[in-house]
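Examination of the molecular architecture
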Amino acid sequence: MKRLVVLISGQGSNLAAILNACQQGRIPGGVAAVFSNKAEALGLTRAREAGVPAHALAASQFADREAFDRQLMQEIDAYAPDLVVLAGYMRILSPAFVAHYAGRMLNIHPSLLPKYPGLHTHRQAMENGDEEHGTSVHFVTDQLDGGPVILQAKVPVFAEDTEEDVHARVQHQEHAIYPLVVSWFLEGRLAMRDDAAWLDGVKLPPEGYAGE
């Protein structure tokens, strides 16, 4: 069975969506372990309740980011994952970490990349008067939120929306598309090469897969 390792920092709602998809057979594999940089992360509780090993590493225990990532890599590799999934993991990864999992690490970002990399994406979309916002699943590279986009989902932004309204709308889409992309990878349909995402042997455009 194909194996996933999921990295989280918070509530783990995308982790829950992935766990559910594995249980329902929509993902041809299982979550082997969950890691967090926050011992109090609710996502660790979600993992344990699902019978998945859950681990926390505190950055304060390490001299620098590189040392933290070396230990994290060692612990992740003990589970021999086919894919590493970032699901609300709020640490910037060292180049060595990114290189180690190149082509087999995914992230989901709450914007229509390349718009709004980094934090506070919903707020930025609202402040700029965007009528459309969304989320992107992409391969992870050295560039922050800059790896090849695989799939995006769009949501409307209405004048009366609060930031919480937009967040909820985007998160609903995240829970749909992230398990789908994970399944593509584990089925051998998805790959990263030549700094691009490829699905079923076809190079995807910069905005990712655009089929219905």
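Read on for an overview of the structure.

Here we look at the pattern of salt bridges
Per the counting criterion, the structure on display carries six salt bridges. Overlapping salt bridges bring together Glu187, Arg189 and Asp200 as one network.

Details of the packing of helix H1 (residues 13-23) against helix H6 (residues 163-186)
For the pair H1 and H6, interaxial distance at closest approach is 9 Å and the crossing angle is 45 degrees. Taken as axis vectors, H1 and H6 run oblique relative to one another. H1 and H6 meet at a crossing whose hand is right-handed. Here H1 contributes Ser13, Asn14, Ala17, Ile18 and Ala21 to the contact with H6, which in turn contributes Gln171, Glu174, His175, Tyr178, Pro179 and Val182. Residues belonging to the contact of H1 with H6 are distributed by class as follows: six nonpolar, four polar and one charged.

Overview of the sheet that holds strand S8 (residues 190-193)
Reading across from one edge, S8-S9-S10 is the order of the three strands in this open sheet, with antiparallel pairing throughout. The strands lining the two open edges of the sheet, one partner per strand, are S8 and strand S10 (202-203). As judged from the four bridges shared by S8 and strand S9 (residues 196-199), these two strands associate in the antiparallel manner. The partner of Leu190 across the bridge, within S9, is Leu199.

Some thoughts on the nonpolar core
Core analysis: the largest hydrophobic core is formed by 37 residues, its most contacted members being Leu4, Ile18, Val31, Val34, Ile150, Tyr178 and Val182. Top element by residues in this core is H6. It accounts for seven residues. Those residues in contact with Val182 that sit more than four places away from it in its chain are Leu4, Ile18, Ile27, Leu83, Val85 and Leu106. Among the nonpolar cores identified, the runner-up in size contains 20 residues, and Leu57, Met73, Val84 and Met105 belong to it.

Points about the pairing of strand S2 (residues 29-36)
Sheet faces and side chains relate simply in a regular strand, where the side chains alternate between the two faces. For S2, the tally of buried residues reaches eight of eight residues, placing the bulk of the element in the interior. Relative to S2, strand S1 (residues 2-8) is paired through seven bridges, and the arrangement is parallel. Among the inter-strand pairings, Lys2 is bridged to a residue of S2, identified as Gly29. Handedness of the β-α-β unit built from S1, H1 and S2 comes out right-handed. Alignment of S2 against strand S3 (residues 54-56), held across three bridges, turns out to be parallel.

Quick notes on the packing of aromatic side chains
Here the structure, examined in full by the defined rule, presents four aromatic pairs. Here the aromatic rings of Phe35 and Tyr79 are separated by 6.1 Å at their centres, their planes lie at 75 degrees, and the arrangement is edge-to-face. With Phe35 in strand S2 and Tyr79 in the loop between helix H3 (65-77) and strand S4 (83-86), the pair connects residues that are 44 residues apart, well separated along the chain. In this pair, the class of Phe35 matches that of Tyr79, namely buried. Across from the ring centre of Phe68, 4.0 Å away, lies the NZ or CZ of Arg91, which sits over that ring. A cation over a ring is seen here: Arg193 above Trp198, with NZ or CZ 4.0 Å from the ring centre.

About the thresholds
- Residues numbered from 1 in each chain as written.
- Predicted model: local features only at pLDDT ≥ 70, side-chain atom pairs only at ≥ 80, totals over all residues.
- Heavy atoms only, no water.
- Salt bridge = Lys/Arg side-chain N within 4 Å of Asp/Glu carboxyl O.
- Axes fitted to C-alpha atoms, helices over the stretch in contact; angles between N-to-C directions.
- Helix = DSSP H or I, 4+ residues; strand = E, 2+ residues; numbered from the N terminus.
- Parallel < 35°, antiparallel > 145°, perpendicular 65-115°, else oblique.
- Left-handed = near helix turned anticlockwise from the far one by under 90°.
- Contact = heavy atoms within 4.5 Å.
- Nonpolar A, V, L, I, M, F, W, Y, C, P; charged D, E, K, R; others polar.
- Pairing = 2+ DSSP bridges.
- Core = buried A, V, L, I, M, F, W, Y, C linked by side-chain atoms within 4.5 Å.
- Buried < 20%, exposed > 50% of the residue type's maximum accessible area, 1.4 Å probe, protein only.
- Right-handed = clockwise from strand over helix to strand, strands pointing away.
- Phe/Tyr/Trp six-rings, centres within 6.5 Å; stacked < 30°, edge-to-face > 60°.
- Lys NZ or Arg CZ within 6 Å of the ring centre and 35° of its normal.

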